[in-house]
Amino acid sequence: MKELEELVGQKVIYSSAGGGMGPILLITVENDNSIWTWCYWEIWREDELLGTVNDDDTPNTGKMAVATHQLLGKEVQYVRMDEERNLEVLFEDGLQLYLYVYNENDPMEERWEYWIPRLNKAYVVMSNKEIKIEQYSES
């Protein structure tokens, strides 16, 4: 999906998971594009796993929240979606975000979304690898 390239060069202005959001991860960059996911995700700094969707979700101090806050202010340097629709996002300072679509224990069809408000589009990645294009909505 070529639209993912709009993330490159953008700094993260919002990054959160845990607390009332539970394992849901939301990242927004300077151009207002966002990644929203409830599939399995991991955040790494080089070879160190900082946090995953399965970690402590205590607001602000849980491992999940601490890991996601590491992305704040970091510039996206590279984005790649593979043929399985897994997503890899590399940030400055060796930070990496991975979203994994496949999970046999999770019945949800929608795995992650990429929002582009200025185009009024939301790309919804499904568990069957299909990408649905919908209208963007803030709700």
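Residues numbered from 1 in each chain as written. Predicted model: local features only at pLDDT ≥ 70, side-chain atom pairs only at ≥ 80, totals over all residues. Heavy atoms only, no water.

This next bit is on the pattern of salt bridges. This structure, assessed with the given rule, holds five salt bridges. The closest approach of N and O atoms between K2 and E3, which form a salt bridge, is 3.3 Å. K2 sits in the exposed class, given a relative accessible area of 67%. Taking the shortest distance from any N to any O, the salt bridge between E84 and K129 comes out at 2.9 Å. Taken together, the residues E84 in the loop between strand 6 (76–81) and strand 7 (87–91) and K129 in the loop between strand 10 (121–126) and strand 11 (131–135) connect sequence positions 45 residues apart. (Salt bridge = Lys/Arg side-chain N within 4 Å of Asp/Glu carboxyl O. Buried < 20%, exposed > 50% of the residue type's maximum accessible area, 1.4 Å probe, protein only. Helix = DSSP H or I, 4+ residues; strand = E, 2+ residues; numbered from the N terminus.)

The tally for this structure, following the rule as stated, stands at six aromatic pairs. When the centroid spacing of 5.9 Å and the interplanar angle of 35° are considered together, the rings of Y40 and Y100 count as tilted. Residue Y40 is found in strand 4 (residues 40–45), and its partner Y100 is found in strand 8 (residues 95–100); the two are separated by 60 residues along the sequence. Between W115 and Y136 the ring centres are 5.8 Å apart and the planes differ by 65°, which places this aromatic pair in the edge-to-face class. Taken as a pair, W115 in strand 9 (residues 110–116) and Y136 in the segment after strand 11 lie far apart in primary sequence, 21 residues in all. Overall, W115 belongs to the buried group, its relative accessible area being 13%. Since its relative accessible area comes to 18%, Y136 is described here as buried. Among the aromatic residues, those joined into a ring-pair cluster are W36, W38, W115 and Y136. (Phe/Tyr/Trp six-rings, centres within 6.5 Å; stacked < 30°, edge-to-face > 60°.)

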